[in-house]
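Structural overview for review
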Amino acid sequence: MPRSDAYTLHHLLNESLYVAVPSALPLAAEPSVRLPQLAEADRISGSPRPEGTLLDAALRHGFRPRVAHVVAEWTAKQEYVAAGLGVALIPALAAESVRPDIALLPVLDEEAPARACTRRPCAGGP
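This write-up is about the structure you can find in this document. The structure presented is a predicted model; accordingly, all values stated were derived computationally and were not measured.

The rules behind these values
- Residues numbered from 1 in each chain as written.
- Predicted model: local features only at pLDDT ≥ 70, side-chain atom pairs only at ≥ 80, totals over all residues.
- Heavy atoms only, no water.
- Salt bridge = Lys/Arg side-chain N within 4 Å of Asp/Glu carboxyl O.
- Helix = DSSP H or I, 4+ residues; strand = E, 2+ residues; numbered from the N terminus.
- Buried < 20%, exposed > 50% of the residue type's maximum accessible area, 1.4 Å probe, protein only.
- Core = buried A, V, L, I, M, F, W, Y, C linked by side-chain atoms within 4.5 Å.
- Contact = heavy atoms within 4.5 Å.

1. Here's the deal with the pattern of salt bridges
Pairing between side chains of opposite charge can happen when their charged atoms approach one another. Under the criterion given, the structure shown has three salt bridges. A salt bridge links Arg 66 to Asp 42, with the nearest nitrogen and oxygen atoms 2.5 Å apart. In this pair, Arg 66 is assigned in strand S5 (residues 66–70) and Asp 42 in strand S4 (residues 42–45), connecting sequence segments 24 residues apart. According to the relative accessible area criterion, Arg 66 is partly exposed, its value standing at 39%.

In structure tokens:
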């Protein structure tokens, strides 16, 4: 595990969130979605707990998402979504590799997670 003092955090971007839903659902025709609209949806997540994950955003909106399936790989999450087993939140940087039978809806969330981390230069060089 790297030492925490070996890194300096710098804000790089505010990353948009998307929700992946089966394209056959009526929700897939919406131009965007707010997280509270998904309060009752089964979730496919990389962790059973929302804290510290993309699902943490739901906690800020006052509800605890129901994680129905824990799946680590984004490609496997797509399989679950396409099969109608739930919805999955994904960051904008992962939105390029989506199956054609899945719809991505932008999540309207003013507090989208910021991602940033750069390594401090070593003494005497980069």
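Following the structure, the description resumes.
2. Topic: the nonpolar core
Within the largest apolar cluster, 17 residues are counted, with the highest numbers of intra-cluster contacts made by Val 19, Val 21, Val 33, Leu 35, Leu 38, Leu 89 and Val 107. Of all the elements in the fold, those that place two or more residues in this core are strand S3 (17–22), helix H1 (56–60) and strand S7 (102–106). Here this core takes three residues from S3, the largest share from any one element. Dropping the residues within four chain positions of it, Val 33 is found in contact with Val 19, Leu 27, Leu 38, Leu 105, Pro 106, Val 107 and Leu 108.

3. Focus on the environment of Gly 62
Topologically, Gly 62 is positioned in the loop between H1 and S5. Expressed as a C-alpha distance, the spacing of Gly 62 and Pro 36, which sit 26 residues apart in the sequence, is 8.3 Å.

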